[in-house]
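Summary of the model geometry
Here is how the chains run, residue by residue.
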Amino acid sequence: MSETIAAVGGENFIAGQWTPSQGGRTYERHNPWRPAEVVGEFPSSDAQDVAAAIDAAEAAWPAWSGLPAAKRGAFLARAADAIEARLEDIAHDMTREMGKPLRESRLEAGRAAAIFRFFSGEGWRPLGEVFEQSATGGAVYTRRRPLGVVGLITPWNFPAAIPAWKTGPALAYGNTVVLKLAQDAPLTGLHLARALEEAELPHGVFNVVIGRGGDVGEPLVADERVRAISFTGSVPVGQGVRELGTGAGKRVQLELGGHNPMIVADDAKLDPAVQAAYAGAFWSAGQKCTATRRIYAQDGIYEDFRARFLQRMSEGKVGDPADPETEVGPLVNESQFETVLAGIARGREEGGTLLAGGDRADPDAYLIAPALFEDVADDAFLSCEEVFGPVTSLYRFRTLEEAIERANSVRFGLSASVFTTDLEIADRCIRELQAGILHVNSQTAGADVHVPFGGSKSSGYGPHEQGRAAIEFYTEEITVYQDV
Ligand code: NAD
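Residues numbered from 1 in each chain as written. Predicted model: local features only at pLDDT ≥ 70, side-chain atom pairs only at ≥ 80, totals over all residues. Heavy atoms only, no water.

1. Topic: the overall build of the protein chain
Across its full length, the protein chain holds 16 helices and 22 strands. A compact globule built from 484 residues would reach a C-alpha radius of gyration of about 23 Å, and the protein chain, at 23 Å, matches this within 12%. Overall, the protein chain is about 70 × 65 × 40 Å in size when its C-alpha atoms are taken along their principal axes. Across the 484 residues in the protein chain, those meeting the buried criterion constitute 58%. (Helix = DSSP H or I, 4+ residues; strand = E, 2+ residues; numbered from the N terminus. Rg over C-alpha atoms; globule rule 2.2 N^0.38 Å. Buried < 20%, exposed > 50% of the residue type's maximum accessible area, 1.4 Å probe, protein only.)

2. Concerning the sheet that holds strand 5 (residues 130-132)
With respect to topology, three strands assemble into an open sheet ordered 5-6-22, the strand pairing being antiparallel. Every interior strand has two partners, whereas the edge strands, strand 5 and strand 22 (475-482), have only one. With direction set aside, neighbouring strand axes in the sheet form an average angle of 25°. With three bridges connecting them, strand 5 and strand 6 (residues 139-146) associate as antiparallel partners. Bridging across to strand 6, Phe131 finds its partner in Val140. (Pairing = 2+ DSSP bridges. Axes fitted to C-alpha atoms, helices over the stretch in contact; angles between N-to-C directions.)

3. Side note on the site of the ligand
Neighbouring residues of the ligand: 25 residues in total, closest Thr154, Ser234, Leu256, Cys289 and Glu386. Between the ligand and Thr154, the relevant distance is 2.7 Å, taken from an oxygen atom to a main-chain nitrogen or oxygen of the residue. In the environment of the ligand, an oxygen atom lies 3.0 Å from a nitrogen or oxygen atom belonging to the side chain of Lys180. When the ligand sits alone it has 850 Å² of accessible area, and the protein chains cover 86% of it. (Near = heavy atom within 4 Å. Polar contact = N/O pair within 3.5 Å; in protein donor to acceptor, adjacent residues only side chain to side chain. Areas by Shrake-Rupley, 256 points an atom, 1.4 Å probe, with all protein chains shown as cover.)

4. Some thoughts on the nonpolar core
Of all hydrophobic cores here, the largest spans 67 residues; its most connected members are Phe206 and Val208. When residues of this core are assigned to domains, at least three map to each of domain 1 (3-256 + 459-482) and domain 2 (260-448). Beyond its immediate chain neighbours, meaning those up to four positions away, Phe206 contacts Phe13, Thr167, Val177, Leu179, Ala193, Leu196 and Leu201. Formed by 52 residues, the second largest nonpolar core is a distinct cluster that contains Ala273, Ile301, Phe397 and Ile425. (Core = buried A, V, L, I, M, F, W, Y, C linked by side-chain atoms within 4.5 Å. Domains from an automatic or database assignment. Contact = heavy atoms within 4.5 Å.)

5. What to know about the packing of aromatic side chains
Given two aromatic rings, their pairing is described by the distance between the two centres and the angle made by the two planes. Counted under the stated rule, the structure contains 12 aromatic pairs. Relative to Phe42, the ring of Tyr27 has its centre 6.0 Å away and its plane inclined at 40°; by these criteria the two rings are tilted. Taken as a pair, Tyr27 in strand 3 (residues 26-30) and Phe42 in strand 4 (residues 38-43) lie far apart in primary sequence, 15 residues in all. Overall, Phe42 belongs to the buried group, its relative accessible area being 0%. Between Trp165 and Phe453 the ring centres are 5.1 Å apart and the planes differ by 50°, which places this aromatic pair in the tilted class. Taken together, the positions of Trp165 in helix 6 (residues 161-172) and Phe453 in the loop between strand 19 (437-440) and strand 20 (456-457) put the pair 288 residues apart, joining distant regions of the chain. Here Trp165 matches Phe453 in class, with each residue buried. Over the ring of Trp283 we find Arg103; its NZ or CZ atom is 4.8 Å from the centre of that ring. Note that Arg396 overlies the ring of Tyr302, its terminal NZ or CZ placed 4.2 Å from the centroid. (Phe/Tyr/Trp six-rings, centres within 6.5 Å; stacked < 30°, edge-to-face > 60°. Lys NZ or Arg CZ within 6 Å of the ring centre and 35° of its normal.)

6. A word on the environment of Arg25
You can see Arg25 is positioned in the loop between strand 2 (17-19) and strand 3. On the accessibility criterion, Arg25 (41% relative accessible area) is partly exposed. When the C-alpha positions of Arg25 and Asp55 are compared, they lie 21 Å apart, and in sequence the two are 30 residues distant. The residues contacting Arg25, other than those within four sequence positions of it, are Phe42, Pro43, Ser44, Ser45, Asp46 and Asp215.

7. Some words on the packing of helix 3 (residues 69-85) against helix 5 (residues 102-120)
The interhelical angle for the contact between helix 3 and helix 5, taken along N-to-C directions, is 165°, at an axis separation of 8 Å. Between helix 3 and helix 5, the interaxial angle falls into the category roughly antiparallel. By crossing handedness, the relation of helix 3 to helix 5 is classed as left-handed. Where helix 3 approaches helix 5, its residues Gly73, Leu76, Ala77, Ala79, Ala80, Asp81, Ile83 and Glu84 are matched on the opposing element by Ala109, Ala112, Ala113, Phe116, Arg117, Phe119 and Ser120. (Parallel < 35°, antiparallel > 145°, perpendicular 65-115°, else oblique. Left-handed = near helix turned anticlockwise from the far one by under 90°.)

8. Describing the pattern of salt bridges
Opposite charge on two side chains permits them to pair, given that their charged atoms come into close proximity. Under the definition given, this model contains 38 salt bridges. In this structure, Arg117 engages Asp81 in a salt bridge whose closest nitrogen and oxygen atoms are separated by 2.6 Å. Taken together, the residues Arg117 in helix 5 and Asp81 in helix 3 connect sequence positions 36 residues apart. Here Glu88 ties to Arg106 by a salt bridge, and the two come within 2.7 Å at their closest N and O atoms. Note that Glu88 is positioned in helix 4 (residues 87-98) and Arg106 in helix 5, a separation of 18 residues in sequence. The class for Arg106 is partly exposed, based on a relative accessible area of 31%. Each of the salt bridges in this network shares a partner with another, and the network as a whole consists of Asp55, Glu58, Asp223 and Arg225. (Salt bridge = Lys/Arg side-chain N within 4 Å of Asp/Glu carboxyl O.)

9. Observations concerning helix 14 (residues 400-407)
Within the span of helix 14, buried status applies to Leu400, Ala403, Ile404, Arg406 and Ala407. Buried residues of helix 14 fall within an arc of 165° about the axis and therefore sit on the same side. Tucked into the core, helix 14 has its buried residues touching strand 12 (260-264), strand 13 (292-298), strand 16 (391-397) and helix 15 (423-432). (Arc of directions from axis to C-beta.)

10. Some remarks on the domain arrangement of the protein chain
Under the domain assignment, the protein chain is made up of domain 1 (3-256 + 459-482) and domain 2 (260-448). The distance between the C-alpha centroids of domain 1 and domain 2 comes to 31 Å. At the junction of the two partners, domain 1 supplies 23 residues and domain 2 supplies 32 residues. For the pairing of domain 1 and domain 2, the buried interface totals around 2,400 Å² over both sides, and the portion due to carbon and sulfur atoms is 58%. Three residues, Trp33, Arg103 and Ser459, lead the burial of domain 1 against domain 2; their summed loss comes to 26% of the area buried on that side. At the surface where domain 1 touches domain 2, the tally comes to three salt bridges. Across the pair Lys288 and Glu104 runs a salt bridge, and its minimum N-O distance is 3.0 Å. (Buried area = accessible area lost by both parts, 1.4 Å probe.)

Written out as structure tokens, the structure reads:
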């Protein structure tokens, strides 16, 4: 455990204090690379802790929302500096607690700082538009106001970036926050709390509660004092959050799963396409909502692409995530490991041919060798449902119409990619692929901090996150008629 977090004991962060859960219950988090190693002990919080965090956030809101936005932004800028100062600690803790290869953990920790820095600048942006009243010529203008207390619920797979990209705009636009971190990766999120504490954020503006979804997430969604819930996670849990949250009259934003296609046209540059397919499918052990689950390769290059992709798979380093050379590390926990192995078994049972990988790759770790399937039917489980691991399938197509139709045939619509050198093909994909994020000649995964992020169809609900789009969710727009 890093020195800083060890010093505060891996506790909840409520009203500016590091506190154990009121019920006194804790759980241990184990390293998915070496499951016998305990990474830390964390609170198993419940509704009392959530209520205390909401009390603190509610009490802090009037003063926080009354600060000039630029002053609020200054706290985020200082927190960004604090994150950068502890970047190596954050990256190593992320790798130890959820198995992300160190090279990606470092990038993600840096991205969390960049997100805070971006939102620190939002304090200088316009908050509305000025018009003339039609009858009197007096002023009429729109103005965006903060909502109040917002609840943020995050998954384990981007334990720095996702909490940062919800917290940054929530605070910048004048809300106070109760953040529920995922049980499988609390340590990384606590570094964000520590960075905001070092930035001397006023007590109660940002609070963190750790524990199980039902014990912490549900009371947060149900509490009438919480004005809005931003949730990232799986489809079934997200749907439950939407029902409970909207039923209680609050705003709800969901970022959910994906089943992201990549189309490789006959005219594509194959080397970059192969690199992008490998990274998109297997980095972070395929545990990204934007991971490449289906690769459609056109007839003319199919065999060549397949051979080069298998070659690339044989070269990728799979193993200890703390080794900076490792590209594919373990799955987050035993249950995910078993679920992904079951998905691979089902892929074979349903007629898919496993061309490479798919087995346990270490006797101790929850490590699965990257798996490539071929001959998977379009309506088979693997072609339709998110198997959250290093598993992808290769399909052959003849015409672009066919590829687009098959790519769009799932209920998800998060990201999609096309590799081509033909502008007409690229343009058609941009217009017709059903996804919130489209890549031309780059992998399906990846999200820049200053542009919107979010999916369509079953992949999302409500306004998109990140960039200037975040203002939509974290503020309400009012219209002011002002006469002298
Ligand atoms: P999950 O749905 O199991 O959990 C997400 C969060 O919700 C966790 O903090 C969990 O404790 C909490 N939760 C669980 N039950 C709850 C309840 N009843 N009420 C309130 N909160 C509850 O998801 P996960 O396994 O942590 O993450 C993996 C999933 O997240 C994948 O499906 C992945 O595609 C998705 N994801 C989506 C995006 C995106 O931006 N679209 C990004 C990352 C991950």
